[in-house]
Amino acid sequence: MSAAAGAIDARRCFACGADNPIGLKIRFRLDGDVCRGEFTPGPDHTGFEGTTHGGILYSALDDAMANWLYLRGVSAHTARCEVRYRGVLASGSAVRLESRLIRMKGRFAILEARATRTHDGALVAESRGTFHVFDDGRGGLR
């Protein structure tokens, strides 16, 4: 994770922490209003018959949304998240992750994320999450 969030220590985060030996180690970056990352699931991320486990995909989507906030210096926790699986992701197939802020509602940020297969652009899963913002270092997201 970026140093943008200062005192927040996420080095052991399962999805993006560089210091988590069993983590996914997804590197997220901001690209304007979009948070982007890539991930290639391996054999340890398999669910049924060589496909990536849905919980792994959920974790990647949840963290894509969380990183949209984190990389802007915002501390928040997932309050609610819904995922819709649209396709299969074979183990060993790269996936592209993207998230965007939909709107703020008081101290809650509502975001959406998508996971698409890199090789053909097919939608694998999409999610919508609500995050409780507890510290953005600026008194509110703008």
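Note: the structure precedes this text.
Residues numbered from 1 in each chain as written. Predicted model: local features only at pLDDT ≥ 70, side-chain atom pairs only at ≥ 80, totals over all residues. Heavy atoms only, no water.

Peer 1: Explanation requested: the pattern of salt bridges in the structure shown.
Peer 2: Where charged atoms from two side chains of opposite charge come close, those side chains can pair. Going through the model one piece at a time under the given rule, you end up with eight salt bridges. Between arginine 36 and glutamate 98 there is a salt bridge, with its nearest N and O atoms 2.3 Å apart. Of this pair, arginine 36 sits in strand S2 (residues 34-39) while glutamate 98 sits in strand S4 (residues 95-105), and the two are 62 residues apart along the sequence. Here the two residues arginine 36 and glutamate 98 agree in accessibility, since each one is buried. With its nearest N and O atoms 3.8 Å apart, the salt bridge here joins arginine 114 to glutamate 126. In this pair, arginine 114 is assigned in strand S5 (residues 108-117) and glutamate 126 in strand S6 (residues 123-135), connecting sequence segments 12 residues apart. Using a relative accessible area of 37% as the deciding quantity, one classes arginine 114 as partly exposed. Connected through shared salt-bridge partners, Asp31, Arg36, Glu98 and Arg100 make up one network. (Salt bridge = Lys/Arg side-chain N within 4 Å of Asp/Glu carboxyl O. Helix = DSSP H or I, 4+ residues; strand = E, 2+ residues; numbered from the N terminus. Buried < 20%, exposed > 50% of the residue type's maximum accessible area, 1.4 Å probe, protein only.)

Peer 1: Please explain the environment of tryptophan 68 as it appears in this structure.
Peer 2: Summarising the element assignment, tryptophan 68 is placed in helix H1 (residues 54-70). Between the alpha carbons of tryptophan 68 and leucine 111 there is a distance of 8.5 Å; along the sequence they are 43 residues apart. Of the polar contacts made by the side chain of tryptophan 68, one reaches the backbone oxygen of aspartate 33; its length is 2.9 Å. (Polar contact = N/O pair within 3.5 Å; in protein donor to acceptor, adjacent residues only side chain to side chain.)

Peer 1: Just checking my understanding: could you explain H1 for this structure?
Peer 2: Structural remark: α-helix, 3.6 residues per turn; residues separated by three or four positions point the same way. Its 17 residues give H1 an end-to-end C-alpha distance of 24 Å, which sits within 8% of 24 Å, the value for a rise of 1.5 Å per residue. Of all 17 residues making up H1, 12 are buried, and the element is well covered by its neighbours. Here H1 has its buried residues at Ile56, Leu57, Ala60, Leu61, Asp62, Asp63, Ala64, Met65, Asn67, Trp68, Leu69 and Tyr70. In this structure, the buried side of H1 is in contact with strand S1 (29-31), S2, strand S3 (75-85), S4, S5 and S6. (Expected span 1.5 Å × (residues − 1). Contact = heavy atoms within 4.5 Å.)

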